[in-house]
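Remarks on the overall topology
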Protein chains: 2
Amino acid sequence: MTSTKEILAGIDIGGTKTAVLISAQPPEAITRVEFPTRPAKGPQHAIGLIKKSLHEMLAAQGLTAASIIRLGVSCGGPLDRVKGLIQSPPNLPTWDDVPLKAILEEEFQVECLIENDANAGAVAEHRFGAGQGCQNIVFLTMGTGLGAGIIADGRLYRGTIDLAGEIGHVRLTRSGPIGHNKAGSAEGWASGGGMAQLAAQSVAEAQRKDKKTLLAEHVRTGKPISAREVGAAARKGDAVAIEILRSTGERLGEVLAILVDVLNPERIVLGGLAMRLGDLLLDPARRVMRREALAQSARVCAVVPAALGESIGDVAALAVAMGI
Amino acid sequence: MTSTKEILAGIDIGGTKTAVLISAQPPEAITRVEFPTRPAKGPQHAIGLIKKSLHEMLAAQGLTAASIIRLGVSCGGPLDRVKGLIQSPPNLPTWDDVPLKAILEEEFQVECLIENDANAGAVAEHRFGAGQGCQNIVFLTMGTGLGAGIIADGRLYRGTIDLAGEIGHVRLTRSGPIGHNKAGSAEGWASGGGMAQLAAQSVAEAQRKDKKTLLAEHVRTGKPISAREVGAAARKGDAVAIEILRSTGERLGEVLAILVDVLNPERIVLGGLAMRLGDLLLDPARRVMRREALAQSARVCAVVPAALGESIGDVAALAVAMGI
């Protein structure tokens, strides 16, 4: 056993899964444990597993909590970074003002920093991924929701109350699919949640017109159609699915254009669905971005998938632990 | 005569007027000379007057060019700040790639910095006006066009090729008045140029309906109706003019909401028309901003007219001379 401070600990909390990570600084070989978050069981459930997992991981390496340089948490917002509270994110409905920073600092006797996942992802891609060497990037996280993390002149820009980058709330149309409780918002049009709404509509329309689609079987189950299912159907050549991706991609392009006009970034890095769905989504997005944005600014802005791929959540939590 | 470097020199170049300024550092008592820019006469005309005026102003105070710490130029974009070129701004149609930095550095043998007027205005209001003490502000300049200067974490954010803040280019609607060569853009809807288009349309409609409006007389002259004329008519209670301001103000509110959602600023400072037209424009703008933007972010963002008032152009040029 050693008490030299030598490792970073990270916790990536999502609505479905939570990962607990330890790594040397900077993050290279990452040891991880993952378990279902199960928000329906309340925050105590996941927090208990976080504590247990981290203690066990440390012990397995012959370490104790005294070896931790810092603990970093990446979690969906809204959250209060300064007070260290998780304030009922949409994907964690039972987590109301959970004082996670205080809980973890008491348990592990080490500083704990908390950051929303869009900001943490932006820093991770800037330091270790597709944004390396860039001064100005926007990291767009497209999951159930749509948010952005902004690196401006090499530093994370959080805004006045940590709410910069809420591009998902910006209106694209007078009415339309709902996101952020706002019909016609960017999140309504260009997110996993928006795609589910669009897919339900498209399948209903296809059925009215006696048009075949692989997505019809999902509707029978009564569950919302996921972006993954739309992607899989599109790859099999399903015309309805391809059209949903084209439409979502075009709206994503409008979102990119706003970011390009306002922020003139060198790169926009896409995480989440945009990363997984690939060119079926990105081709229309890039086309519309080039049409809509200021030509000179669009010309200098590359739109690329996150280079950290599926490990972005891990690296994001560890980037928070490194200090942002 | 003294050769101690002790004064700042500023040049504020607009489509109508150019002002040449000298001042102690920081800008307090400002000595100024103003003359018409007359872009139709080519850049040589104004540049000749800039040189002559500055030499005369220095001489009148018993100074020479050797007393100048730095020369600052504030001018409408596009411009290349690094190369020091003015690249045909819409309000200076004959100024194509004018190497103003090199010309002035050769004439006065002192470093000359060039910045676009939105950025220079943002820095001026941040240091000396309504943005004092704030970390995050947006300065919105609303003249013939619409642009923004962004202060993020206390520093000017210029973007990758100095094109951050081009909010005027962002689309608000599929079609509509033209700004930035784009129908339905923010500049088309919420700028002096946009108001002129809206006013022409509104007057034509009023005349079709036999509705009286003070603006009708301006149409007879064949010249576009200016924002000033709309404001004057509105203050006299002209219903058509009031409606134009309400409509423009509401669109301005949509623009403010995008800035609030993306940048989460503490203050949005309005220059130009928005400053001059006052609450007839700002009341509807603030109302729509509160409706459209994320509630928490809107709550912490004050929307205020530029505190430097009509001297903002002077202070902006001197702020450039101070170094941004």
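Considerations on the overall build of chain A
A count of helical and extended segments in chain A gives twelve helices and 14 strands. In summary, chain A has a C-alpha radius of gyration of 20 Å against a globular reference of 20 Å for 324 residues, a match within 12%. Sorting the 324 residues of chain A into buried and exposed places 54% on the buried side. Counting contacts in chain A only where the partners sit at least 6 residues apart, residues at least 24 apart contribute 63% of the total.

Observations regarding the environment of Ala216(A)
Residues and elements named next belong to chain A. For Ala216, the position within the fold is in helix 6 (residues 216-221). Considering only alpha carbons, one finds Ala216 and Ile13, 203 residues apart in sequence, at a separation of 33 Å. Filtering out sequence-adjacent residues up to four positions away, Ala216 remains in contact with Val203 and Gln207.

Section: the pairing of strand 2 (residues 17-24) of chain A
All names here are of chain A. Within strand 2, six of the eight residues are buried, which leaves the element mostly enclosed by the surrounding structure. Counted along the chain from strand 1 (residues 7-13) to the antiparallel partner strand 2, the turn is three residues long. Pairing of strand 2 with strand 3 (residues 30-36), which is carried by seven bridges, proceeds in the antiparallel orientation. Counted as the bridge partner of Ile22 is Thr31 from strand 3. Counted along the chain from strand 2 to the antiparallel partner strand 3, the turn is five residues long.

Considerations on the interface of chain A and chain B
A common way to express how large an interface is: the accessible area buried when the components associate. Listed per partner, the contact involves 28 residues of chain A and 28 residues of chain B. Only strand 10 (155-157), helix 8 (239-263) and helix 11 (295-299) of chain A provide two or more residues apiece to the side of chain A that touches chain B.

A few points about the domain arrangement of chain A
All names here are of chain A. For chain A, the assigned domains are domain 1 (7-122 + 312-322) and domain 2 (133-306). Taken together, the contact between domain 1 and domain 2 spans nine residues of the former and 16 residues of the latter. Sort the elements by how many residues they give to the side of domain 1 that touches domain 2 and helix 3 (residues 117-128) lands first, with five residues. Of the residues contributing to the side of domain 1 that touches domain 2, the split by class is four nonpolar, three polar and two charged.

Thoughts on the confidence of the model for chain A
The predicted model of chain A has a mean per-residue pLDDT of 94, with 99% of residues at 70 or higher. Quick note on the complex model: pTM equals 0.95, ipTM equals 0.95.

Quick word on the pairing of strand 9 (residues 146-152) of chain B
All names here are of chain B. Burial analysis of strand 9 places seven of its seven residues in the buried class, the great majority of the element. Burial along strand 9 is two-sided: Leu146, Ala148, Ile150 and Ala152 and Gly147, Gly149 and Ile151, pointing in opposite directions, are all buried. Note: strand 8 (residues 137-142) against strand 9, six bridges, orientation antiparallel. Each bridged residue has a counterpart across the sheet, and for Ile137 the counterpart in strand 9 is Ile151. Remark: three residues form the turn of the hairpin made by strand 8 and strand 9, two consecutive strands paired antiparallel. Bridge count between strand 9 and strand 10 (residues 155-157): three bridges; the pairing is antiparallel. The residue bridging Ile150 from the neighbouring strand is Tyr157, located in strand 10.

A few points about the environment of Gly278(B)
Inspection of the secondary structure assignment puts Gly278(B) in the loop between helix 9 (273-277) and helix 10 (279-292). Sequence-wise, Gly278(B) and Gln296(B) are 18 residues apart; in three dimensions their C-alpha atoms are separated by 25 Å.

What about the environment of Val123(A)?
Residues and elements named next belong to chain A. The residue Val123 is located in helix 3 in this model. Each C-alpha atom, one on Val123 and one on Ala317, is 9.9 Å from the other, the two residues being 194 residues apart in sequence. Once residues lying within four places of it in the same chain are set aside, the contact partners of Val123 are Leu156, Ala319 and Ile324.

Considering the sheet that holds strand 4 (residues 68-75) of chain B
All names here are of chain B. Taken in spatial order, the five strands line up as 3-2-1-4-7 in an open sheet, and their pairing is mixed. In the strand order of this sheet, the two ends are held by strand 3 (30-36) and strand 7 (112-116), each with one partner. Mean inter-strand twist for the sheet, computed between neighbouring axes without regard to direction, equals 15°. Sheet contacts for helix 1 (residues 43-60): strand 1 (7-13), strand 2 (17-23) and strand 3; angle to strand 2, the most-contacted strand, approximately 25°.

Quick word on the sheet that holds strand 3 of chain A
Residue and element names in this part refer to chain A. Strand order across the open sheet formed by five strands is 3-2-1-4-7, with mixed pairing between neighbours. Of all strands in the sheet, those bounded by a partner on one side alone are strand 3 and strand 7 (112-116). Strand-to-strand, the axes of this sheet are offset by a mean angle of 15°, without reference to chain direction. With seven bridges connecting them, strand 1 and strand 2 associate as antiparallel partners. Looking at the pairing, Asp12 lines up with Ala19 of strand 2. Those strands touched by helix 2 (residues 100-108) are strand 4 (68-75) and strand 7, and its axis lies near 150° from that of strand 7.

A short note on the relation of the copies chain A and chain B
Least-squares fitting of chain A to chain B yields an RMSD of 0.0 Å, with the transformation described by 0.0 Å of translation along the axis and a rotation of 180°. The superposition operator between the copies reduces to a two-fold rotation axis. When you check the interface residues of chain A against chain B, 100% turn up at the interface there too, and the contact is symmetric in its surfaces.

As for the nonpolar core
Soluble globular proteins tend to bury their nonpolar side chains together. Within the largest apolar cluster, 208 residues are counted, with the highest numbers of intra-cluster contacts made by Val230(A), Leu259(A), Val230(B) and Leu259(B). When near neighbours in sequence (up to four residues on either side) are disregarded, Leu259(B) contacts Val138(B), Ala148(B), Ile167(B), Pro265(B) and Ile268(B).

Quick notes on helix 7 (residues 227-235) of chain B
Residue and element names in this part refer to chain B. What helix 7 keeps buried is the set Ala227, Val230, Gly231, Ala233 and Ala234. Burial along helix 7 is one-sided: seen end-on, the buried residues are contained in an arc of 165°. In the segment just after helix 7, Gly237 is the residue with positive phi, at about 90°.

Some points on unusual backbone geometry
Residue Pro78(A) is reached from Gly77(A) by a cis peptide bond, and omega for that bond is 0°. By the secondary structure assignment, Pro78(A) is in the loop between strand 4 and strand 5 (79-80). The omega torsion across Gln25(B) and Pro26(B) is -5°, close enough to zero to call that bond cis. Within the element layout of this structure, Pro26(B) appears in the loop between strand 2 and strand 3. Notably, Asp153(B) is not glycine yet its phi reads approximately 50°, a positive angle. Topologically, Asp153(B) is positioned in the loop between strand 9 and strand 10.

Cut-offs used in this document
- Residues numbered from 1 in each chain as written.
- Chains lettered and ligands numbered in written order.
- Predicted model: local features only at pLDDT ≥ 70, side-chain atom pairs only at ≥ 80, totals over all residues.
- Helix = DSSP H or I, 4+ residues; strand = E, 2+ residues; numbered from the N terminus.
- Rg over C-alpha atoms; globule rule 2.2 N^0.38 Å.
- Buried ≥ 20, exposed ≤ 12 C-beta atoms within 10 Å, placed from the backbone.
- Contact = placed C-beta atoms within 7 Å.
- Pairing = 2+ DSSP bridges.
- Domains from an automatic or database assignment.
- Nonpolar A, V, L, I, M, F, W, Y, C, P; charged D, E, K, R; others polar.
- pLDDT = per-residue confidence, 0-100.
- Axes fitted to C-alpha atoms, helices over the stretch in contact; angles between N-to-C directions.
- Least-squares fit on C-alpha atoms with pLDDT ≥ 70 in both.
- Core = buried A, V, L, I, M, F, W, Y, C linked by C-beta atoms within 7 Å.
- Arc of directions from axis to C-beta.

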